[in-house]
Amino acid sequence: MSLGFRISGRIGKPVAEVFDAVVNPTKLSGYFTTIGGASAPLAAGTTVTWWKTVPVEVDEVTKDKRIVLRWDATDAEGKPAYKTRIEMNFEPLDDGGTFVTIAEEGWREGEVGLKKSYLNCEGWSQMLACMKAYLEYGINLRDGYYRSELRGEPANETNI
């Protein structure tokens, strides 16, 4: 059995706009990958780089519906050991908003996997809140959110 989590929330914008805010590197860099940006649009079969150092493998992109990504999970020594899987689903709501669900799974059981899954759950929760503020109000909540980012460094498990 592997460890995983699921978070979700409503964003008061149409599904096409919310979906584009994730696949479009300029928009993603406006609220999530703010330091270092995103290297390219998310397209199935590609690998993009977030924050100038994090490779993100794009497995699936179904326009306005679903994105599936993989990226490195690290072992106890901080070395990439295996990949976790991220699935984002975008559901149009009757009120014109979008319900976004983000799930990540694949950490190995044990203290290290549990800790790292909690850190990523925090990160995805923060990403969803930042996307809502950015799309609905034009506010970048990520700016100065983590101590590391105040120093101009992308947040990671060792510097937040």
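Cut-off values and rules
- Residues numbered from 1 in each chain as written.
- Predicted model: local features only at pLDDT ≥ 70, side-chain atom pairs only at ≥ 80, totals over all residues.
- Heavy atoms only, no water.
- Salt bridge = Lys/Arg side-chain N within 4 Å of Asp/Glu carboxyl O.
- Helix = DSSP H or I, 4+ residues; strand = E, 2+ residues; numbered from the N terminus.
- Buried < 20%, exposed > 50% of the residue type's maximum accessible area, 1.4 Å probe, protein only.
- UniProt positions renumbered as here; feature names shortened; annotations may be inferred.
- Pairing = 2+ DSSP bridges.

A. Main features of the pattern of salt bridges. One pass over the structure, following the stated rule, counts 11 salt bridges. Across the salt bridge formed by Glu57 and Lys83, the nearest N and O atoms sit 3.0 Å from each other. Pair noted here: Glu57 is in strand β3 (residues 54-62) and Lys83 is in strand β5 (residues 80-92), with a separation of 26 residues, a long-range link. By relative accessible area, Lys83 is classed as partly exposed at 32%. One salt-bridge network, in which partners are shared between bridges, spans Glu57, Asp59, Arg70, Asp72 and Lys83.

B. Quick peek at the UniProt feature "domain: Activator of Hsp90 ATPase homologue 1/2-like C-terminal" (unreviewed entry) in the chain. Per the UniProt record, "domain: Activator of Hsp90 ATPase homologue 1/2-like C-terminal" (unreviewed entry) is found at residues 14-136. Within the segment residues 14-136, helix and strand shares are 32% and 37% respectively, and the terminal C-alpha atoms sit 11 Å apart.

C. A look at the pairing of strand β2 (residues 47-50). The side-chain alternation of β2 yields one buried face, formed by Val48 and Trp50, and one unburied face, formed by Thr47 and Thr49. In this sheet, β3 lies alongside β2 in antiparallel orientation, the contact comprising four bridges. The residue of β3 that forms the bridge with Thr49 is Pro55. The hairpin formed by β2 and β3 contains three residues between the paired strands, and Trp51 there has a positive phi angle of roughly 60°.

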